[in-house]
Amino acid sequence: MTEREPTAGDDVDAATAPGDPPSVSAALAAGAALFNEGHVLAAHELWEAAWLPLVDGPDERLLHGLIAAAAATHHATERNWSGAVGCAANAVTYLGELADAARGVDVARVREWCRRVAADPEVVERASPPAVRIDGSAPRFDDLDLAAALLAATALADAVESGDSRTFEAAATLAREERGTGRTRFAELIFAFLRRPDARPQVAARLADHVERERRKRSDVEDLF
């Protein structure tokens, strides 16, 4: 897959506005990229944030199953065999009620992995978990649009030492405000944080500086009135 650069015209789902839960479509893509990049707990947290406000239905069961699958994978890697077995069995139950391609997600692949973990959690020491695939592809950070990237970066910030989720939440708001202005500073830094793991401390520091500068600028303007 080719690397995609942010543009001023990128569509950011209104459901990703501050204070709103993540949209299901953006959360699925962002969580899949986090999972596929090895940040299983960050994927779990993001999927859970999108799942919590849902009522019973296909989306609720899909996210609930992915949450349980991520938890099972994490427990297995930590050698918490009983936790892995319980979560994997739950994932099979939730995902068993869905079509094999609910919302484009390759449910069958995730379900089969969880069956293997439920039967033998030590399988994680012999095989890597399969990538979460959506519409036939296994998304990684390079593949995310801006809406999903904002969610993934904020979730990742809590999973790595160089990040701070509150700063990234503020940066995500500023990135949304840039839409249509011709400016992409915050979006570009957020994409760089995701795509350049070796430079994350430096990118996070730059992002924090820009967020603080914008806060001071707005505070100065407010003080004029």
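Notes on the structure in this doc start here. Residue positions are given per chain, counted from 1 along the sequence in the order it is written. For this predicted model, a pLDDT threshold of at least 70 governs which residues receive local features, and a threshold of 80 or more governs which side-chain atom pairs are given and counted, while totals over whole chains, interfaces and linings are taken from all residues. Side-chain numbers come from the whole structure's heavy atoms, not from hydrogens or water.

So, about the packing of helix α4 (residues 81–96) against helix α5 (residues 107–119). Running from N to C, α4 and α5 point in directions that differ by 150 degrees, and their axes come no closer than 8 Å. For the element pair α4 and α5, the recorded crossing hand is left-handed. Judged by residue contacts, Ala84, Val85, Ala88, Ala89, Ala91, Val92, Leu95 and Gly96 of α4 engage Val107, Val110, Arg111, Cys114, Arg115, Val117 and Ala118 from α5. Among the residues forming the contact of α4 with α5, the class breakdown is 12 nonpolar, 1 polar and 2 charged. Here an axis means a line fitted to C-alpha atoms, over the contact stretch when the element is a helix, while the angle between two N-to-C directions is reported on a 0 to 180 degree scale. Secondary structure elements are taken from DSSP: a helix is a run of H or I of four residues or more, a strand is a run of E of two residues or more, and numbering for both begins at the N terminus. The crossing is said to be left-handed when, going from far helix to near helix, the turn is anticlockwise and less than a right angle, and right-handed when the turn is clockwise. Contacts are residue-level and defined by heavy atoms, with any inter-residue pair within 4.5 Å sufficient. Polarity classes work like this: nonpolar for Ala, Val, Leu, Ile, Met, Phe, Trp, Tyr, Cys and Pro, charged for Asp, Glu, Lys and Arg, and polar for all others, with Gly in that last group.

To continue, consider the packing of aromatic side chains. Only Phe, Tyr and Trp rings take part, Trp by its six-membered ring, and two of them pair if their centres are within 6.5 Å. Stacked means planes under 30 degrees apart, edge-to-face means over 60, and tilted covers everything else. Tallied over the entire structure, the rule returns 2 aromatic pairs. Ring centres of phenylalanine 168 and phenylalanine 193 lie 4.5 Å apart, and the angle between their planes is 50 degrees; on these two criteria the pair is classed as tilted. Residue phenylalanine 168 is located in helix α7 (residues 165–178), and its partner phenylalanine 193 is located in helix α8 (residues 185–195); the two are separated by 25 residues in the primary sequence. For the residue pair phenylalanine 168 and phenylalanine 193, the accessibility class agrees, reading buried in each case. The ring of phenylalanine 193 has arginine 200 sitting right over it, with the charged end atom 5.7 Å from the ring centre. Residue burial is assigned from relative accessible area. The probe radius is 1.4 Å, only protein chains are included, and a residue is buried under 20% of its type maximum, exposed over 50%, and partly exposed in between. Throughout this description, the term charge over a ring refers to an Arg CZ or Lys NZ atom that lies within 6 Å of the ring centre and within 35 degrees of the ring normal.

Further remarks concern a positive patch on the surface. Patch building starts from residues that exceed 30% relative accessible area and form no salt bridge, then joins like charges within 9 Å and nonpolar side chains (Val, Leu, Ile, Met, Phe, Trp, Tyr) within 5 Å. To be clear on the numbers: accessible area is Shrake-Rupley with a 1.4 Å probe, and residue cover counts the displayed protein chains and nothing else. Here, a salt bridge means any Lys or Arg side-chain nitrogen found within 4 Å of an Asp or Glu carboxyl oxygen. Counted as positive: Lys and Arg. Counted as negative: Asp and Glu, with His and the chain ends omitted from the count. Where a charge sits is defined by one atom per residue type, namely NZ (Lys), CZ (Arg), CG (Asp) or CD (Glu). Where like charges cluster on the molecular surface, the positive patch consists of Arg183, Arg185, Arg196, Arg206 and Arg213. Tracing the chain through its elements places arginine 213 in helix α9 (residues 200–223).

With that out of the way, let us pick up the environment of alanine 42. Relative to the helices and strands, alanine 42 resides in helix α2 (residues 40–51). Judged by relative accessible area, which is 6%, alanine 42 ranks as buried. On a C-alpha basis, the gap between alanine 42 and threonine 154 in space is 9.3 Å, while along the polypeptide they are 112 residues apart. Sequence-distant contacts of alanine 42, defined by excluding residues within four places in its chain, comprise Leu34, Ala155 and Ala159.

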